[in-house]
Amino acid sequence: GNLMGMIPCSTESGPRPASMSDTPMHATHDPQMHIITLPDNGFRLTTLGTIALENDRGACDQSLAKRRRKLAVLAVLAVNRRPVLRDQLAEMFWGDEEESRARHSLSDALSNLRRVLGPDSIATRQLEVSLSPTCPLTVDAVELMDAAERRDHARVIALYKGPFLESVEVPNSPPFERWVARVRD
């Protein structure tokens, strides 16, 4: 992967548990070594308690580190697990801007995410945007929801580091606030 613009992520919240799934898109965890191993060119989006995107070496992309809104767009795509209408994303994140500017801001965000995650990581159709099924991304909130469905309480406790997207604010965006509230429930 490209390490330009990458810096080590903060480990304030302690070691990050990884997925126990055997699928190649998920991280694995060696309990003997307490090390998280992501697949080559894999990424991990942390959304519980903070927001950060790390590569397979545990480094954050500096170009996105201060752009929480772009990471929040990625969180929406990853957590929804299905296509999202472009207009819905533009309204959610740039609803206070003129429509053409909001659409441009969404296109810019998607372009930035593709640059970091890979050109095929985000699928776009005329009206919809989705995370590609081949995108090498794990998301702590998705892992937590999956663990909760399996009633794996120990895994849920290990993954929970704080409220979903606690550190992300999108000014004047009731649609974003409602979506975050639904995911938290």
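Residues numbered from 1 in each chain as written. Predicted model: local features only at pLDDT ≥ 70, side-chain atom pairs only at ≥ 80, totals over all residues. Heavy atoms only, no water.

**Q** An account of the packing of helix α3 (residues 86-94) against helix α4 (residues 99-117) is needed here, citing residue identities and associated values.
**A** Running from N to C, α3 and α4 point in directions that differ by 100°, and their axes come no closer than 9 Å. One way to sum up the angle between α3 and α4 is to call them roughly perpendicular. Residues R86, D87, L89, A90 and W94 of α3 pack against A102, R103, S105, L106, S107, A109 and L110 of α4. Of the residues assigned to the contact of α3 with α4, the class counts are 7 nonpolar, 2 polar and 3 charged. (Axes fitted to C-alpha atoms, helices over the stretch in contact; angles between N-to-C directions. Helix = DSSP H or I, 4+ residues; strand = E, 2+ residues; numbered from the N terminus. Parallel < 35°, antiparallel > 145°, perpendicular 65-115°, else oblique. Contact = heavy atoms within 4.5 Å. Nonpolar A, V, L, I, M, F, W, Y, C, P; charged D, E, K, R; others polar.)

**Q** Account for the sheet that holds strand β8 (residues 122-124), naming residues and giving values.
**A** Read across the open sheet, the 3 strands follow the order β7-β9-β8; overall the sheet is antiparallel. Looking at strand neighbours, the two that pair on one side only are β7 (84-85) and β8, the edges of this open sheet. Judged from the 2 bridges that link them, β7 and strand β9 (residues 128-131) form a sheet pairing that is antiparallel. Paired with L85 across the two strands is E128, which belongs to β9. (Pairing = 2+ DSSP bridges.)

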